[in-house]
Structures are given as structure tokens and as C-alpha cells.
Amino acid sequence: MNGITQSAVSQQVCALERRFRVKLIERGRKNFSLTPEGRAFLQASHQVMDILGDVEGRIHNLQNLVAGELRISTIFSIGLHELPTYLKTFRQAHAQVDVRVEYRRSSEVYLSVLDGRADIGLVAYPSPRRGLQTVTFWSDGLVLICSPSHPLASRRRIPLSALQGEKFIAFSPDLPTRREIDRKLRSEGVKVKLVLEFDNIETVKRAVEIENGVSIVPETAVRDEVAAGLLATVEFSDPELRRPLGALIRRSARVSPALREFLALLEQTTTSEADSS
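Residues numbered from 1 in each chain as written. Predicted model: local features only at pLDDT ≥ 70, side-chain atom pairs only at ≥ 80, totals over all residues. Heavy atoms only, no water.

### Focus on the pattern of salt bridges
Taken as a whole, this structure holds 23 salt bridges when the rule is applied. Among the salt bridges present, the one from Asp115 reaches Arg117, with a minimum N-O distance of 2.7 Å. Between Glu261 and Arg260 there is a salt bridge, with its nearest N and O atoms 4.0 Å apart. Linked through salt bridges whose partners overlap, the residues forming this network are Glu202, Lys205, Arg206, Glu209 and Glu225. (Salt bridge = Lys/Arg side-chain N within 4 Å of Asp/Glu carboxyl O.)

### A look at the nonpolar core
Judged by nonpolar contacts, the single largest core of 51 residues is most densely connected at Ile72, Ile120, Leu122, Leu163, Phe262 and Leu266. Here this core takes six residues from helix 8 (residues 257-276), the largest share from any one element. When neighbours within four sequence positions are excluded, Leu122 is seen to be in contact with Ile72, Ser73, Thr74, Ile75, Ile78, Leu83, Val109, Phe137, Gly246, Ala247 and Leu266. Phe171, Leu175, Val208 and Ala221 belong to the second largest nonpolar core, which has 13 residues in total. (Core = buried A, V, L, I, M, F, W, Y, C linked by side-chain atoms within 4.5 Å. Buried < 20%, exposed > 50% of the residue type's maximum accessible area, 1.4 Å probe, protein only. Helix = DSSP H or I, 4+ residues; strand = E, 2+ residues; numbered from the N terminus. Contact = heavy atoms within 4.5 Å.)

### Things to note about the packing of aromatic side chains
For the structure on display, the rule yields four aromatic pairs. Pairing Phe90 with Phe262 gives two aromatic rings, centres 5.5 Å apart and planes at 85°, and the pair type is edge-to-face. A residue pair is termed long-range when its members are at least 10 positions apart, and Phe90 in helix 3 (residues 76-93) and Phe262 in helix 8 qualify at 172 residues. One Lys or Arg, Arg19, reaches over the ring of Phe20 and ends 5.9 Å from the middle of that ring. (Phe/Tyr/Trp six-rings, centres within 6.5 Å; stacked < 30°, edge-to-face > 60°. Lys NZ or Arg CZ within 6 Å of the ring centre and 35° of its normal.)

### Topic: the confidence of the model for the chain
Taken residue by residue, the chain gives an average pLDDT of 89. The fraction at 70 or more is 94%. This model gives residues 271-277 a pLDDT under 50, and the stretch forms four contacts once residues within four places in sequence are excluded. (pLDDT = per-residue confidence, 0-100.)

As C-alpha cells, then:
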């Protein structure tokens, strides 16, 4: 029943008797009984088993307790526009978790996760890296932004070719979103007049307001400006102009309960997006 042979049990009992220098069992020809010392040892054994069970229960509870710290490293656009909704939901469900957010450039997010300074990283256009696991959890549409007085502002939807010769405010060349936009423009044979480059989306938006130029940005990043009448957005007819967002996790890292729950929240978004499509 216990997966152990009779001889092994006998050897263990004999070893215990030698250690405590007492007889634990009275052995007879037809039966055996416990000595007083044996009964004391049996009682103590039950107590040890109870304590062991309690320890196992405590460890199990710790493994499932959603508490502690969750360190998130994110690019500015996700951290300012997509992440707040997730954080509000997560904090309401797990108030014991101390969530800390760092805003970094894309390359720095990868490094933060790899060297253990962050539990999870959030980037656009996630790319495979040694030692990292990536999970795409959302994709947002890229739209044209311009001044409400710009000639293109009256259009509901345009092809990329409509940007031919336009004054263009771009992201810095090393940013993944900029590289993807450049690739799409090249593939369509569209040439724009590059006037300014910035490393974050907030500066790009302000420059479009001031310079009366155009840019291509995630739609979620300009909702406030559109509502305030500061910018206009125009959709593209190309359905592939979307920006995938991904979560980065170090493969060798332990997935804490807090990180597990945050990933589950991101996966709910992935499932919802797949269902709606």
C-alpha cells in the first residue's frame, strides 16, 4: 500500500531503535505491540506529519498569493495610451501587488527584461531574441494625423499614395514603428518630404500641430487630441497598416503569481481581438 517492502520497514525501525537506544516494538511469534517508547514515537510522528502538511499548505498558498511587486518596462506610446486600461483593471483585482512602470526606448526594454530589471516588457513589433519569450497581445491601427485644416483632413480613407510629396514628421530611424512605416512607403513607391524626426509619440503629435505636416501614428495615441479638435485622423485603405504589441518575458525567470495574472489579462485581450475578427 505504501510502496515499500517489509524488509525495508524492518531496517528503518531497527535504525530508529539504535539511534534512540530504546525498543520501539515488542516482537512476538504471532503478533507485535508498541512499547511505551514506541507509542511516544508514534504520537510524535503524527505531529511531524501534521506540521509537514501545514508547511506544504503554506508554501502552496504563497505560490498562489497574488502579491508583491510587478516591474513593467514599456515604450512610451504603450505606457501612456494602452497600458493604463490594463493597470486599472489589474490593480482593482489585485490591490496587494505593487506595480512599478518604467518608460524606455524599445531597445532598452529588451535589455531590462534580459538582465532582470523588469519582470515584463511591452514593445511594438516584438522581435525574437535569445533568452526571451514574446507574446503578441494586441494590434492597433495606424492612421494619418494632420491639422484639421489640412487638405487631407476632409478625407475619410486614403491610400498610402496620397502622401506623395507631403511634409512628414517621423519617428527616429531606430524605432520599430518608423522602420515598418518606411518599409510600407518604399513598397508602395511613395516618397514624402521628411522634415522632423522624434523619439517619442508625444513630440511627434505636437510637431504635426505646429508644422502643419502629417505623420502616421497609432490611432489610440491621438484620441484626446482628436476629441479636442487639435488633430484630425484619416484611415488608410491598406488593412495591413496595423502595429502589433507584444509582451517580453525572460525564459529562465520564475513566473510569479502577479506576473501570471497580468499575462492572463493580456491574453484575454488577445482572445477578444481574435473573436471580434
